[in-house]
2 protein chains.
Amino acid sequence: MSLLVTGSIGIDTVKTPYGVSENCLGGSAVYFSMSASFFSPVRLIGVIGSDCPFDLARVFADRNVDLTGLEVREQSKTFRWAGSYQDNMDDRKTDYMELNVLAEEPPGVPAEYKDSEFVFLANTAPALQHQLLEQIESPVFVAADTMNCWIEDQLDDLTGLLKKIDCLIVNDEEARMLADERNLIKAAEVILGMGPGVVVVKKGESGSITCTADGEIFILPAYPATKVKDPTGAGDSFAGALMGYLAQKGKTDFDSLKTAIAYGTVVASFTIADFSLEGLTSINKTDIDNRLETLRKLTQF
Amino acid sequence: MSLLVTGSIGIDTVKTPYGVSENCLGGSAVYFSMSASFFSPVRLIGVIGSDCPFDLARVFADRNVDLTGLEVREQSKTFRWAGSYQDNMDDRKTDYMELNVLAEEPPGVPAEYKDSEFVFLANTAPALQHQLLEQIESPVFVAADTMNCWIEDQLDDLTGLLKKIDCLIVNDEEARMLADERNLIKAAEVILGMGPGVVVVKKGESGSITCTADGEIFILPAYPATKVKDPTGAGDSFAGALMGYLAQKGKTDFDSLKTAIAYGTVVASFTIADFSLEGLTSINKTDIDNRLETLRKLTQF
């Protein structure tokens, strides 16, 4: 089935204890699309300025990523983000952020995308996520990401959005904040009560917990990565593989969802092994499948 | 096969957001024995003073815990510990600790315990753990716990001990400190290089990672407990079920070890559901087996 993503395309500068990657390609829609394309064709919606040094058609060559929804604004500048990771690779500091074109009117949904069935709304203001979603005629399965600033400042918009989506993907601190509950299982239950049928809580190097409105629970550790150079994009890669697998299967039953989450976990482990998209562009589907089987073996008893 | 534990027996006062439990029975050897006794007979070595208000023979009635190694010193006072847990149930503050009898000569190993095959050395000074272990004639599988203060202050004793044991069970921060390495897989590998064939790294509500000198890895999330009243004793209960299951099986191959860790995870989830030993005394082996199957179901894909 068709898979649509809307999110950011950015010029990133990332510092980690392993080095610096200056002015590299980043953004949620980019990581998502690269990851999802191992499983399914992807329709991308995003906007850049004329200063963008990356040829996205070339970046996604042979990857079945439809760039009809990519808008280039001649008078605008591309979103830029710079961040630093501390020694523990968990604490991230934003060194600077220039919203640039992301502060303007969001890109529209091309007519040929309006029949999209699987939709991922990457992190942005919930009102924008909502506005985009309303342009899709009859989505089958909609997932969204969010973050602490929207929970704090635009909670009404966010709770409105939660009634319209099928799956919320958040990290543990965001789940706790949104639910006002520290226990993650209870927090997920509170969020399920806000609307979505599925809540995926990401716990970084401790994996994820997924709860459904049907009372199903799935707990999966992270892949035990020993090579971690740059965690940027891990969450969007996770979401990309998850949604890509579901779109490929055309199903969202719980067994499919569990496999999708396992694929998300595995692809994220490749993303963090190198800077920018290097970890994803240097692998193939067989590498992913092999690591999935390893993860299965490491977690079964 | 026979299972020996040496550890503390204490009078605990515990405060959590759910209430206060004053002057209740605690101590590593007590939690370990109660947990292990679901699987195997246990031989306990411990020492108390004449002030101890608990009749341990009655506490362990019908539980197949041999108290030949329990020493009561008429002139001494029992170990006392008081601690408080913060809202997140992770941060624990020691309010006071009176070593009392634990600061005296340790209890001896009764002649009828010297042939013990499975041995657990609960957390104490590594020199004392070593001294006890030397009194066991030909142990089959020895596991030990330790903590940050011994890593900081008695590292030579600890590294000496690590050469003599088969399995170290530590929490994530202790593993990182001992190995001087943040990545837990790499940290476990460093510790394996110090001697033990198995390292179990406990991650609290995020489960555990187990690595062996043969290159095997097992990663298991915690049971998704929504009822958490008092985390005291979780680690010793984990170790008790782990060692109890191995002693019952009389095997330490990797498949047995994985099941043992799953049992440890499940029994710990019962321990934390209530104060002191209430969580363990209110369940039976069927409850444990049922929860083990639930944990298997929650983690498989």
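Residues numbered from 1 in each chain as written. Chains lettered and ligands numbered in written order. Predicted model: local features only at pLDDT ≥ 70, side-chain atom pairs only at ≥ 80, totals over all residues. Heavy atoms only, no water.

Student: What's the story with the overall build of chain A in this structure? I'm lost.
Tutor: Of regular secondary structure, chain A possesses eleven helices and 13 strands. Computed over its C-alpha atoms, the radius of gyration of chain A comes to 18 Å, within 12% of the 19 Å expected for a compact globule of 301 residues. If you line up chain A on its principal axes, its C-alpha atoms span 55 × 40 × 35 Å. Split into buried and exposed, the 301 residues of chain A put 57% on the buried side. (Helix = DSSP H or I, 4+ residues; strand = E, 2+ residues; numbered from the N terminus. Rg over C-alpha atoms; globule rule 2.2 N^0.38 Å. Buried < 20%, exposed > 50% of the residue type's maximum accessible area, 1.4 Å probe, protein only.)

Student: Any chance you could explain the environment of Asp287(A) here in plain terms?
Tutor: Residue and element names in this part refer to chain A. Looking at the secondary structure, you find Asp287 in helix 11 (residues 285–299). Residue classification places Asp287 among the partly exposed positions, given a relative accessible area of 29%. Filtering out sequence-adjacent residues up to four positions away, Asp287 remains in contact with Phe270 and Ser282. (Contact = heavy atoms within 4.5 Å.)

Student: Is there a simple way to explain the interface of chain B and chain A in this structure?
Tutor: Often the size quoted for an interface is simply the accessible area lost on bringing the parts together. Counting residues at the interface gives 31 residues for chain B and 31 residues for chain A. Roughly 2,900 Å² is buried in total at the junction of chain B and chain A, and carbon and sulfur atoms are behind 53% of that figure. Three residues stand out in chain B for area buried against chain A, namely Arg182(B), Ile219(B) and Phe301(B), and they jointly supply 27% of the buried area on that side. Connecting chain B to chain A are four salt bridges. (Buried area = accessible area lost by both parts, 1.4 Å probe. Salt bridge = Lys/Arg side-chain N within 4 Å of Asp/Glu carboxyl O.)

Student: Would you mind going over the pattern of salt bridges with me for this structure?
Tutor: Opposite charge on two side chains permits them to pair, given that their charged atoms come into close proximity. With the rule as written, the count across this model stands at 20 salt bridges over all chains. Asp289(A) serves as the salt-bridge partner of Lys285(A), at 3.2 Å between the closest nitrogen and oxygen. Taken together, the residues Lys285(A) and Asp289(A), both in helix 11 and four residues apart, mark about one turn of the helix. Classification of Lys285(A) by relative accessible area gives partly exposed; the value is 26%. As a salt-bridge pair, Arg43(B) and Asp115(B) come within 2.8 Å of each other at their nearest N and O atoms. Of this pair, Arg43(B) sits in strand 4 (residues 42–49) while Asp115(B) sits in the loop between strand 7 (92–98) and strand 8 (118–121), and the two are 72 residues apart along the sequence. Overall, Arg43(B) belongs to the buried group, its relative accessible area being 17%.

Student: Teacher, can you tell me more about the sheet that holds strand 11 (residues 198–202) of chain A here?
Tutor: Backbone-to-backbone hydrogen bonds pair the strands of a sheet. The strands run either parallel or antiparallel. Residues and elements named next belong to chain A. One open sheet accounts for nine strands, arranged 5-4-1-8-9-10-11-12-13; its pairing is mixed. Two strands bound the open sheet, and with one partner strand each, they are strand 5 (65–73) and strand 13 (217–220). Pairwise comparison of adjacent strand axes, ignoring direction, gives a mean angle of 15° for this sheet. Looking at chain direction, strand 9 (residues 141–145) and strand 10 (residues 167–171) are connected through three bridges and run parallel. When the bridges of strand 10 are listed, Ala144 appears paired with Leu168. (Pairing = 2+ DSSP bridges. Axes fitted to C-alpha atoms, helices over the stretch in contact; angles between N-to-C directions.)

Student: For this particular structure, what's the right way to read the sheet that holds strand 2 (residues 10–16) of chain A?
Tutor: All names here are of chain A. Taken in spatial order, the four strands line up as 3-2-6-7 in an open sheet, and their pairing is mixed. The outermost strands of the open sheet, each flanked by one partner alone, are strand 3 (19–26) and strand 7 (92–98). Direction aside, neighbouring strands of the sheet carry axes that sit 15° apart on average. As defined by bridge partners, strand 2 adjoins strand 3 across six bridges and the pair is classed as antiparallel. Residue pairing for strand 3: Ile11 is matched across the bridge by Leu25.

Student: I'm lost on the confidence of the model for chain A in this one. Help?
Tutor: When pLDDT is low, close inspection of the predicted coordinates is not appropriate. Looking at chain A, pLDDT values average 96 and 100% of them are 70 or higher. Here the predicted complex carries an ipTM of 0.91, next to a pTM of 0.94. (pLDDT = per-residue confidence, 0-100.)

Student: How do you make sense of helix 8 (residues 234–249) of chain A when you look at a structure like this?
Tutor: Here helix 8 of chain A spans 23 Å end to end across 16 residues, near enough to the 22 Å set by a 1.5 Å rise per residue. Two residues or fewer past helix 8 of chain A, Gly250(A) is found with a positive phi of approximately 70°. (Expected span 1.5 Å × (residues − 1).)

Student: Any chance you could explain the relation of the copies chain B and chain A here in plain terms?
Tutor: Superposing the two chain copies requires a rotation about an axis and a translation along that axis. For the pair chain B and chain A, the superposition axis carries a translation of 0.0 Å, the fit reaches an RMSD of 0.0 Å, and the rotation angle comes to 180°. Put plainly, the chains are arranged around a two-fold axis. (Least-squares fit on C-alpha atoms with pLDDT ≥ 70 in both.)

Student: Help me understand the nonpolar core in this model?
Tutor: Soluble globular proteins tend to bury their nonpolar side chains together. One finds Phe120(A), Ile169(A), Leu242(A), Met243(A), Ile288(A), Leu121(B) and Ile165(B) to be the most contacted residues of the largest nonpolar core, which totals 93 residues. The biggest single contributor to this core is helix 9 (residues 254–271) of chain A, with ten residues. Apart from the residues within four sequence positions on either side, Ile165(B) is in contact with Leu121(B), Leu133(B), Val142(B), Ala144(B), Gly195(B) and Pro196(B). Counting residues in each nonpolar core, the second largest holds 90 residues, with Leu121(A), Ala188(A), Val65(B) and Val266(B) among its members. (Core = buried A, V, L, I, M, F, W, Y, C linked by side-chain atoms within 4.5 Å.)

Student: I tried to follow helix 7 (residues 184–192) of chain B on my own but got confused; where do I start?
Tutor: Residues and elements named next belong to chain B. Burial in helix 7 covers these residues: Leu184, Ile185, Ala187, Ala188, Ile191 and Leu192. End-on, the buried residues of helix 7 take up no more than an arc of 160°, which puts them together on one face. Taking the backbone nitrogen of Ile185 as reference, a side-chain oxygen 3.1 Å away marks Asn183 as the first, capping residue of helix 7. (Arc of directions from axis to C-beta. Polar contact = N/O pair within 3.5 Å; in protein donor to acceptor, adjacent residues only side chain to side chain.)

Student: Before we go on, may I ask you to explain the side chain of Arg63(B) in this structure?
Tutor: Residue and element names in this part refer to chain B. Checked against the element boundaries, Arg63 lands in the loop between helix 2 (56–59) and strand 5 (65–73). For the buried Arg63, which has no salt bridge, the nearest side chain bearing the opposite charge is Asp62, at an N-O separation of 7.6 Å. Residues within four places of Arg63 in sequence aside, it is in contact with Met34, Ser37, Phe38, Leu280 and Thr281. (Lys, Arg positive; Asp, Glu negative; His and termini not counted.)

Student: Help me understand the packing of aromatic side chains in this model?
Tutor: The description of an aromatic ring pair rests on the distance of the ring centres and on the angle between the ring planes. Per the counting criterion, the structure on display carries twelve aromatic pairs over all chains. Consider the rings of Phe301(A) and Phe218(B), whose centres lie 6.3 Å apart with planes at 70°: the pair is edge-to-face. Taken together, the positions of Phe301(A) in the segment after helix 11 and Phe218(B) in strand 13 (residues 217–220) put the pair across two chains. Of the two residues, Phe301(A) and Phe218(B), both sit in the buried class. (Phe/Tyr/Trp six-rings, centres within 6.5 Å; stacked < 30°, edge-to-face > 60°.)

Student: Sorry, what's going on with the packing of helix 9 of chain A against helix 11 of chain A here?
Tutor: Between two packed helices, both the angle of their axes relative to each other and the distance between the axes serve to describe the pair. All names here are of chain A. Between helix 9 and helix 11, the shortest axis-to-axis distance is 9 Å and the interhelical angle comes to 115°. As for how helix 9 packs across helix 11, the hand of that crossing is right-handed. Touching Ala262, Tyr263, Thr265, Val266, Val267, Ser269 and Phe270 of helix 9 are Lys285, Asp287, Ile288, Asp289, Arg291, Leu292 and Leu295, all from helix 11. A class-by-class count of the residues in the contact of helix 9 with helix 11 yields eight nonpolar, two polar and four charged. (Left-handed = near helix turned anticlockwise from the far one by under 90°. Nonpolar A, V, L, I, M, F, W, Y, C, P; charged D, E, K, R; others polar.)

Student: So what exactly am I meant to see when it comes to the state of the cysteines here?
Tutor: By definition, a disulfide links the sulfur atoms of two cysteine residues through a covalent bond. All names here are of chain B. For the structure on display, the rule yields zero disulfides over all chains. For Cys149, which is in no disulfide, the shortest distance to another cysteine sulfur is to Cys167 and amounts to 20 Å. Counting only cysteine sulfurs, Cys167 is the nearest neighbor of Cys211, a cysteine outside any disulfide, at a range of 11 Å. Judged by its relative accessible area of 3%, Cys211 is buried. (Disulfide = S-S within 2.5 Å.)

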